[in-house]
Amino acid sequence: SQQGEEDPQALSIQEGENATMNCSYKTSINNLQWYRQNSGRGLVHLILIRSNEREKHSGRLRVTLDTSKKSSSLLITASRAADTASYFCATAGANNLFFGTGTRLTVIP
Amino acid sequence: KAGVTQTPRYLIKTRGQQVTLSCSPISGHRSVSWYQQTPGQGLQFLFEYFSETQRNKGNFPGRFSGRQFSNSRSEMNVSTLELGDSALYLCASSLGATAFNTEAFFGQGTRLTVV
């Protein structure tokens, strides 16, 4: 499969802690995107990082990309109960988009 | 501004039938993309349209097809339904030409059950 793999599959933390999830992929990419999905708001685009970028920030989110290792990480700082959701990475190549298997994050109030 | 609207929200069909799902993008967005989500295969990209032309296509059989109209609204069709086609079908629209390199805004999806 060309899908990315996400690690861990599930993560449970206390509110206020940081959460880190990782994404590994197999083919060369133009960019990598992170999405969040929960039952209330559906699938939401979080951040896009291009293949020539190494790090990107958006609010409490920090994304890194290491194209030599074909991996990316998403860090959520100072987590909140509302961050409880599944998080997916998606890698964009020339003409296809592949999603990772997702990390299920639970933030305990 | 209204979000991406997908209709219907829920659908039950019988094996062998065909189904058409509809997606209305955010006003001003000209790119529409479709995705299938199942517990077994996860999220998978189906195809993408921009200005009524299919721009990209995922690895799905020809039973899955789509089109985009001049008002950017899009439909996807699945013919000869199989049990494995039961899934949540998501549509997204983007301001750019492709969801591959711009932010995509997703609808709530159509839950299709094939019996």
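Look a little higher up for the structure.
Cut-offs used in this document
Residues numbered from 1 in each chain as written. Chains lettered and ligands numbered in written order. Predicted model: local features only at pLDDT ≥ 70, side-chain atom pairs only at ≥ 80, totals over all residues. Heavy atoms only, no water. Salt bridge = Lys/Arg side-chain N within 4 Å of Asp/Glu carboxyl O. Buried < 20%, exposed > 50% of the residue type's maximum accessible area, 1.4 Å probe, protein only. Pairing = 2+ DSSP bridges. Helix = DSSP H or I, 4+ residues; strand = E, 2+ residues; numbered from the N terminus. Axes fitted to C-alpha atoms, helices over the stretch in contact; angles between N-to-C directions. Core = buried A, V, L, I, M, F, W, Y, C linked by side-chain atoms within 4.5 Å. Contact = heavy atoms within 4.5 Å.

**Considerations on the pattern of salt bridges**
Okay, step 1: Tallied over the entire structure, the rule returns seven salt bridges over all chains.
Okay, step 2: Linking R62 of chain A and E55 of chain A is a salt bridge whose minimum nitrogen-to-oxygen distance equals 3.2 Å.
Okay, step 3: Overall, R62 of chain A belongs to the partly exposed group, its relative accessible area being 30%.
Okay, step 4: When its relative accessible area of 41% is taken as the criterion, E55 of chain A is described as partly exposed.
Okay, step 5: Measuring nitrogen to oxygen at the nearest pair gives 3.4 Å for the salt bridge that ties R73 of chain B to E75 of chain B.
Okay, step 6: Judged by relative accessible area, which is 25%, R73 of chain B ranks as partly exposed.
Okay, step 7: Salt bridges sharing partners connect three or more residues here, namely R63, E82 and D85 of chain B.

**Regarding the sheet that holds strand 3 (residues 19-24) of chain A**
All names here are of chain A.
Okay, step 1: If you walk across this open sheet you meet the five strands as 1-3-8-7-6, and the pairing is antiparallel. The open sheet has two edge strands, strand 1 (5-7) and strand 6 (55-58), and neither has a second partner. The sheet shows a mean angle of 15° between the axes of neighbouring strands, direction not considered.
Okay, step 2: Of the pairings in the sheet, the one linking strand 7 (residues 61-66) to strand 8 (residues 71-76) comprises six bridges and is antiparallel in character. Pairing of R62 across the sheet is with L75, part of strand 8.

**Details of the pairing of strand 2 (residues 10-14) of chain A**
Residues and elements named next belong to chain A.
Okay, step 1: Across the two faces of strand 2 the burial differs, with L11 and I13 buried and A10, S12 and Q14 not buried at all.
Okay, step 2: Bridge analysis of strand 2 against strand 11 (residues 103-108) gives five bridges, and the strand direction is parallel. Paired with L11 across the bridge in strand 11 is L105.

**Some thoughts on the nonpolar core**
Okay, step 1: In this structure, M21, L32, W34, L74, I76, Y87 and L105 of chain A are the most contacted members of the largest nonpolar core, which totals 22 residues.
Okay, step 2: Those elements giving two or more residues to this core turn out to be strand 2, strand 3, strand 4 (31-38), strand 5 (42-50), strand 7, strand 8, strand 9 (85-92) and strand 11 of chain A.
Okay, step 3: The residues touching L32 of chain A, leaving out its near neighbours within four places in the chain, are C23, Y25, I47, L48, I49, L65, S72, C89, A90 and T91 of chain A.
Okay, step 4: Counting 21 residues, the second-largest nonpolar core is a separate cluster that includes V32, V78, Y89 and V114 of chain B.

**Observations regarding the sheet that holds strand 3 (residues 19-24) of chain B**
Residues and elements named next belong to chain B.
Okay, step 1: Spatially, four strands are ordered 1-3-8-7 in an open sheet, and the strand pairing comes out antiparallel. Of all the strands in the sheet, just strand 1 (5-7) and strand 7 (64-68) have a single pairing partner and so form its edges. For this sheet, the mean angle separating the axes of adjacent strands, direction not counted, is 20°.
Okay, step 2: Where strand 7 and strand 8 (residues 74-78) come together, five bridges link them in antiparallel fashion. In the sheet register, F64 faces strand 8, and the bridge partner there is V78.

Coordinates in, geometry out; function isn't part of it.
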